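# Summary of structural features
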Amino acid sequence: MTSETQDNLLHEERVFPPSPEFAAQANAQPELYERAAADRLNFWAEQARDLVEWQTPFTETLDWSNPPFARWFGDGKLNVTYNCVDRHVEAGHGDRVAIHFEGEPGDTLSLTYRELQDQVSRAANVLQSLGVQTGDRVAVYLPMIPEAVIALLACARIGAPHSVVFGGFSAEALRSRIEDAEAKVVITADGGYRRGNPFALKPAVDEALAQGAESVKHVLTVRRTGQETAWTEGRDVWWSEALAAASDTHEPVWVDAEHPLFILYTSGTTGKPKGILHTTGGYLTQVTYSFKNVFDIKPETDVFWCTADVGWITGHSYVAYGPLSNGATQVLYEGTPDSPHRGRWWEIVQKYRVSILYTAPTAIRTFMKWGEEIPADFDLSSLRLLGSVGENINPEAWIWYRRVIGGDRCPIVDTWWQTETGSILISPLPGITGARPGSAQKPLPGVVASVFDDAGEHLESGSGYLVLDEPWPSMLRGIWGDPERFKETYWSRFPGVYFAGDGANLDHEGDIWLLGRVDDVMNVSGHRLSTAEIESALVSHPKVAEAAVVGAADATTGQIPVAFVIVRSEFAEEAAADGAALSEALRAHVGTEIGAIAKPKKVMLVAELPKTRSGKIMRRLLRDVAENRAVGDTQTLADSSVMDLITQGLKS
Ligand code: WT7
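The structure displayed is predicted, hence computed values, not measured ones.

## Focus on the site of the ligand
Looking at the ligand, there are 18 residues lining it, with Asp414, Thr415, Thr419, Asp502 and Arg528 nearest. Gln418 is positioned such that a nitrogen or oxygen atom in its side chain is 2.9 Å from an oxygen atom of the ligand. Contact distances for the ligand include 2.7 Å between an oxygen atom and a side-chain N or O atom of Asp502. A total of 560 Å² of accessible area belongs to the ligand in isolation, and the protein chains cover 95% of it.

## Examining the pairing of strand E5 (residues 108-112)
For strand E4 (residues 97-102) and E5, the ladder comprises five bridges, and the chain directions are antiparallel. Residue pairing for E5: Glu102 is matched across the bridge by Thr108. Between E4 and E5, which pair antiparallel one after the other, the connecting turn spans five residues, and Gly106 there sits at a positive phi close to 100°.

## A short note on the environment of Pro610
As for its position among the elements, Pro610 is in the loop between strand E30 (602-605) and helix H21 (619-626). For the pair Pro610 and Gly591, spaced 19 residues apart in sequence, the C-alpha separation works out to 26 Å. Aside from chain neighbours lying at most four places away, what touches Pro610 is Lys616, Ile617, Met618, Leu621, Leu622, Leu637, Val642, Met643 and Ile646.

## Points about empty space enclosed by the protein
Following the criterion strictly, the structure yields one cavity of 30 Å³ or more and no others. Volume-wise, the largest cavity comes out at about 40 Å³. As for the largest cavity, its lining consists of Val140, Leu142, Ala148, Val164, Val165, Phe166, Gly167, Asp309, Val310 and Gly311. Here the lining of the largest cavity is built from residues that sort into seven nonpolar, two polar and one charged.

## Overview of the sheet that holds strand E18 (residues 356-359)
Reading across the sheet, the seven strands line up as E5-E4-E17-E16-E18-E19-E20 and stay open at both edges, with mixed pairing between neighbours. The open sheet terminates on both sides in strands that have one partner only, identified here as E5 and strand E20 (412-415). Averaged over all pairs of adjacent strands, the angle between their axes in this sheet comes to 20°, without regard to strand direction. Two strands pair when backbone bridges link them, and strand E16 (residues 303-306) and strand E17 (residues 329-333) are joined in this way by three bridges, in the parallel orientation. Each bridged residue has a counterpart across the sheet, and for Phe304 the counterpart in E17 is Gln330.

## Some words on the packing of aromatic side chains
Summed over the entire model, instances satisfying the criterion amount to 40 aromatic pairs. Ring geometry for Trp305 against Tyr333: centres 6.2 Å apart, planes inclined by 80°, an arrangement best described as edge-to-face. Of the two residues, Trp305 is situated in strand E16 and Tyr333 in strand E17; the sequence distance between them amounts to 28 residues. Taking the relative accessible area as the measure of exposure, Trp305 reaches 1% and is therefore buried. Their ring planes at 10° and their centres at 5.2 Å tell us that Tyr490 and Tyr498 sit as a pair that is stacked. Each member of the pair, Tyr490 together with Tyr498, is buried. Members of the aromatic cluster, joined through ring pairs, are Trp64, Phe69, Trp472, Phe486, Tyr490, Trp491 and Tyr498. The ring of Phe169 is capped by Arg177, whose NZ or CZ atom sits 4.5 Å from the centre of that ring. Cation over ring: Arg493 sits above Tyr465, and NZ or CZ is 5.0 Å from the ring centre.

## Some remarks on the nonpolar core
Core analysis: the biggest nonpolar cluster contains 118 residues, and Phe295 and Tyr321 have the highest contact counts within it. Ranked by residues supplied to this core, first place goes to helix H7 (residues 146-158) with ten residues. Beyond its immediate chain neighbours, meaning those up to four positions away, Tyr321 contacts Val80, Cys84, Leu152, Leu153, Ala156, His162, Leu261, Phe262, Tyr283, Val287 and His316. Core analysis: the second largest hydrophobic core is formed by 39 residues, Ile178, Val219, Trp312 and Ala547 among them.

## A word on the pattern of salt bridges
Once the charged atoms of two side chains with opposite charge are near each other, the side chains can pair. Tallying each qualifying case throughout the model produces 45 salt bridges. The closest approach of N and O atoms between Asp256 and Lys77, which form a salt bridge, is 3.2 Å. Here Asp256 is found in strand E13 (residues 255-256), whereas its partner Lys77 is found in strand E3 (residues 77-78), with 179 residues between them in sequence. Across the pair Asp206 and Lys202 runs a salt bridge whose closest N-O atoms are separated by 3.2 Å. In this pair, Asp206 and Lys202 both sit in helix H9 (residues 202-211), four residues apart, roughly one turn of the helix. Pair check on accessibility: Asp206 and Lys202 agree, each one buried.

Scoring rules and cut-offs
Residues numbered from 1 in each chain as written. Predicted model: local features only at pLDDT ≥ 70, side-chain atom pairs only at ≥ 80, totals over all residues. Heavy atoms only, no water. Near = heavy atom within 4 Å. Polar contact = N/O pair within 3.5 Å; in protein donor to acceptor, adjacent residues only side chain to side chain. Areas by Shrake-Rupley, 256 points an atom, 1.4 Å probe, with all protein chains shown as cover. Pairing = 2+ DSSP bridges. Helix = DSSP H or I, 4+ residues; strand = E, 2+ residues; numbered from the N terminus. Contact = heavy atoms within 4.5 Å. 1 Å grid on protein atoms, 1.4 Å probe; cavity = no way out; pocket = protein on both sides within 12 Å on 5 of 7 lines; lining within 4 Å. Points joined across faces, edges and corners; volume = space filled by probe spheres on them. Nonpolar A, V, L, I, M, F, W, Y, C, P; charged D, E, K, R; others polar. Axes fitted to C-alpha atoms, helices over the stretch in contact; angles between N-to-C directions. Phe/Tyr/Trp six-rings, centres within 6.5 Å; stacked < 30°, edge-to-face > 60°. Buried < 20%, exposed > 50% of the residue type's maximum accessible area, 1.4 Å probe, protein only. Lys NZ or Arg CZ within 6 Å of the ring centre and 35° of its normal. Core = buried A, V, L, I, M, F, W, Y, C linked by side-chain atoms within 4.5 Å. Salt bridge = Lys/Arg side-chain N within 4 Å of Asp/Glu carboxyl O.

Structure follows, in structure tokens:
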């Protein structure tokens, strides 16, 4: 972020308090903060008892005797799927719609809680019949279809941790994640739909398994598009056939509160993605709690819509688990916002009378670009609350969201959290907080966050590093298979507290303003990408000697990767003759190694990279070039003529 945009953020002074009507009916009332502050651990114990059903009640709230390895509600037993499905059916809500599915080609399906219970029970029986036991990992590689939610719930029902791999990731990315988690089964589909056309998914699974991933015994395949699909007899199983043949009753497996619920890979500062581990009792407690209070859910009347894909943490916590644990009704949409037309989202809001919408700033900025006459054609009067997640929402986008989508009446919650935190930690509470555009404001009741200076001292106000001072129930329990990396990444920068990797400003009102990552992690359309990961993908290409990737500011996506590449000398002539073709080939290579979202916007072929005397690449200078700015201070470069060489080379 440039200092100019930072200033814009910090000078935003408008305050939008909730209307008295909203405040009066809100789930979260001011006493929630008071109760949490009075006795934090007791507060979490109460939330866990009130919001979750335990098969064996816990007696110990937190065991923090071996930090940073936390145990929450450690001697309790429960089942997440029982809490998300069965208990609502038992309470007489079996006929309530759990999921309104809106398929991309226009096909629709509404699943009640009873129907969900039927499907999930069958799927759980199928997984067990395929040899999946409690504790075994299951990889999930699916489009946004109801089976994605059913698959997650079926895994949780038998205590088999799932590892969801976003459908946009490549075969290679899928293989490395399956191998790291040693998954026994992959749940996938023949394909999905995007912008009116079918795309294939199963071939990527076949390729991943041909290249390795030997732990996989079965591939359970949903028939979504009906396209021609290669089939390995004995290994591959059709989802629909297997579910139809399975029993529709299944006894949930009661697991310990600290039993692993899922692994989700996310990018860090080094090349290899980290398998973030979440467990059962604490995660379910805090996801249920945050969904109830931040989104003010009234399960009987609200229709919630989170536009995130289940492949990301937002889809785990606020598509799969949070809404269902609260017994809510939600919309699940397979497609993109512009197909078959740019009013598609608003048509869906109108059709299902969506009352709470949760999306990312990048989408809001895209809608701003398309113009407000598009949403104006639809009836958005059902909306009563709006949410934002994934990156900073600039005040202009916030105000537009409030006025054009929210009709100037809906509170907006700007929610800060991460894959690692499991649930929303910093956010306004919609019936309480006077909202300030561009700030996530305050930690939720029960959460303790601070801004530290470089030396690890608490700042009363000013800019520094965001940390979480105390453990929280839905915190990550580690990095799969790598406890040292867990300690090193999050707990070593400031001993004893969790370092989030974000810069933050604390203002005089005690509000937190996020300032973006302080490490080499990019935020592209609200998705986290690591420069190192894209660099290692580029360097794995036989024609590349060295590569540096930076995140350049982009008006719509927030940031976008731009690569600087030194070609191996044998290929220098080829690069000089047709640089455009080589750049394109390298972009495609990143697509194959990681996935389309990681493809650099530009690959610039350069003769040198700017380095300090100790050999560190000075990305700051490359960012200047990528953002078309005058190149900053080059004094610390080992060879200060390098930047001239780069800028001249790119001009010619
Ligand atoms: C990073 C986490 C958690 C859901 C999606 C992303 C950035 C997230 C906000 C916000 C400013 C935000 C941070 C964070 N971020 N929400 N409301 N305001 N920045 O999950 O991929 O784990 O990325 O997203 O930089 O560290 P993720």
